[in-house]
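# Topology and contacts: notes
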Amino acid sequence: IIGGALSDPKRPLVAILGGSKVSSKIGVINNLLDIADTIIIGGGMAYTFSAAQGGKVGDSLLEADWESYANEMVEKAKEKGVKLLLPVDTVCADAFAPDAKSQVVKAGEIPDGWQGLDIGPETMKLYCGAVADAGTVIWNGPMGVFEFPAFAKGTEAVAEALSRTDAITIIGGGDRAAAVEQLGYADKMTHISTGGGASLEFLEGKELPGVACLLDQ
């Protein structure tokens, strides 16, 4: 399924990438810029993109070494006519804790001492709208700190939107698989892979022996 989704996808092809680090998704973003129609960025790595564009990210997760790379990706998306969607608002908290005090702020306006832990309500609308009429959706990485119920709303909203779309939906990685199962949407997805690392390598365009022999049959 994943092979067909990448080589001859039903369009538009929307890729949703979350998780904490830009550095772990570089090959994936690069490869998807050649094949996707829309790329949605969420999770901790969104703050590196935000900082790269001059935004204030407070104490959010940040890979400063990868800021120029993030800007390169934004430029490459423009050149290729790929929609690259970044958060427009953020749920930030005064501590990394399930019961932290939280507030919604515009993206790039996180106050000092606060950290972004989820996408905000406007971003949820934007992202859910982007998958509504998709032909194929590939999702790898949560939108926020899914382990804390107060900061799981973005991930839940995306899972719910995917359960309502007619698109071919491919969910990669252990935490997304768990999230989708937990929320009761698993039977609405076309394919759920629990292997996060393997599905990432596949999205980077690397041939995996197990997948290759399945595709050759």
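Residues numbered from 1 in each chain as written. Predicted model: local features only at pLDDT ≥ 70, side-chain atom pairs only at ≥ 80, totals over all residues. Heavy atoms only, no water.

### Considerations on the overall build of the protein
Heads up, the condition is: Secondary structure elements are defined from DSSP: runs of H or I of at least 4 residues count as helices, runs of E of at least 2 residues count as strands, and each element is numbered from the N terminus. Relative accessibility under 20% of the residue-type maximum defines a buried residue, over 50% an exposed one, and the middle range a partly exposed one, all with a 1.4 Å probe and only protein chains included. Computed with the Shrake-Rupley method and a 1.4 Å probe, the accessible areas treat only the protein chains shown as cover for residues.
Helix and strand counts for the protein stand at nine helices and eleven strands. Counting across all 217 residues of the protein, residues that qualify as buried make up 54%. When the accessible surface of the protein is summed, it comes to about 9,800 Å², and 51% of that surface belongs to carbon and sulfur atoms.

### Focus on the nonpolar core
Here is the rule: In this text, buried Ala, Val, Leu, Ile, Met, Phe, Trp, Tyr and Cys residues form a nonpolar core when linked through side-chain atoms within 4.5 Å. Contacts are assigned to residue pairs that have any heavy atoms within 4.5 Å of one another.
Grouped together as the largest cluster of nonpolar side chains are 27 residues, with contacts concentrated most on I29, L32, I39, I41 and F49. Those elements that provide at least two residues to this core are strand 1 (13-17), helix 2 (26-35), strand 2 (38-41), helix 3 (46-52) and helix 4 (67-80). A total of six residues in this core trace back to one element, the largest contributor, which is helix 2. Beyond its immediate chain neighbours, meaning those up to four positions away, I29 contacts L17, I39, I41, F49, Y69 and M73. Formed by 24 residues, the second largest nonpolar core is a distinct cluster that contains C128, L162, I171 and V180.

### Re the confidence of the model for the protein
Counted only if it meets this: Note on scores: pLDDT gives the predictor's confidence for each residue, bounded by 0 and 100.
This prediction gives the protein a mean pLDDT of 85; 80% of its residues lie at or above 70. Counting interchain partners and residues more than four positions distant, the pLDDT-below-50 stretch residues 208-217 has seven contacts.

### Considering the packing of aromatic side chains
To be explicit about the condition: Between rings of Phe, Tyr and Trp, where Trp is taken as its six-membered ring, a pair exists when centres lie within 6.5 Å; planes separated by under 30 degrees are stacked, by over 60 edge-to-face, and by other angles tilted.
Taken as a whole and assessed by the stated rule, the structure comprises two aromatic pairs. Each ring, one from W66 and one from Y69, has its centre 6.1 Å from the other, and the planes form 85°; the classification is edge-to-face. In this structure W66 comes out as partly exposed when scored by relative accessible area, which is 31%.

### So, the environment of A132
Tracing the chain through its elements places A132 in helix 5 (residues 121-132). Given the relative accessible area of 53%, A132 is considered exposed. C-alpha of A132 to C-alpha of A167: the two residues are 35 residues apart in sequence and 8.3 Å apart in space.

### Description of the sheet that holds strand 6 (residues 102-106)
Formally: When DSSP finds at least two bridges between two strands, those strands are taken to pair. Working convention: axes come from line fits to C-alpha atoms, limited for helices to the stretch in contact. Angles between N-to-C directions cover 0 to 180 degrees.
Strand order in the open sheet formed by three strands is 6-5-8, and the pairing between neighbours is antiparallel. Here the strands that pair on one side only, and so sit at the sheet edges, are strand 6 and strand 8 (115-119). Going across the sheet, the axis of each strand differs from the next one's by a mean of 40°, ignoring polarity. Both strand 5 (residues 89-93) and strand 8 contribute to a ladder of four bridges, which runs antiparallel. Each bridged residue has a counterpart across the sheet, and for A93 the counterpart in strand 8 is Q115. Where helix 5 meets the sheet, it contacts strand 5, strand 6 and strand 8, and its direction lies at approximately 40° from that of strand 8.

### Points about the side chain of K25
As for its position among the elements, K25 is in the loop between strand 1 and helix 2. Under the relative-accessibility criterion, K25 is labelled buried at 5%.

### Points about the pattern of salt bridges
Condition: Salt bridge, as used here, is a side-chain nitrogen of Lys or Arg placed within 4 Å of a carboxyl oxygen of Asp or Glu.
One pass over the structure, following the stated rule, counts five salt bridges. Two residues, D34 and K80, come together in a salt bridge whose shortest N-O distance is 3.0 Å. You can see D34 sitting in helix 2 and its partner K80 sitting in helix 4, a full 46 residues away along the chain. Ionic pairing is found between K78 and E75, a salt bridge with its closest N-O pair at 3.4 Å. Of the two residues, K78 and E75 both sit in helix 4, three residues apart, roughly one turn of that helix.

### Looking at unusual backbone geometry
That bond from R11 to P12 is cis: its omega, -5°, falls within 30 degrees of zero. Inspection of the secondary structure puts P12 in the loop between helix 1 (2-7) and strand 1.

### Describing the packing of helix 5 against helix 6 (residues 153-164)
Condition: Throughout, the term roughly parallel applies to angles under 35 degrees, roughly antiparallel to angles over 145, roughly perpendicular to angles from 65 to 115, and oblique to all others. Take the far helix as the reference: if the near one is turned anticlockwise from it by less than a right angle, the crossing is left-handed, and if turned clockwise, right-handed. Under the convention adopted here, Pro, Cys and the residues Ala, Val, Leu, Ile, Met, Phe, Trp and Tyr are nonpolar, Asp, Glu, Lys and Arg are charged, and Gly plus all remaining residues are polar.
Running from N to C, helix 5 and helix 6 point in directions that differ by 20°, and their axes come no closer than 9 Å. With respect to their mutual orientation, helix 5 and helix 6 come out roughly parallel. Judged by the sense of rotation from one axis to the other, the crossing of helix 5 with helix 6 is right-handed. Contact residues: M124, C128 and V131 in helix 5; K153, G154, A157, V158, A161 and L162 in helix 6. Residues of the contact of helix 5 with helix 6, tallied by class, amount to seven nonpolar, one polar and one charged.

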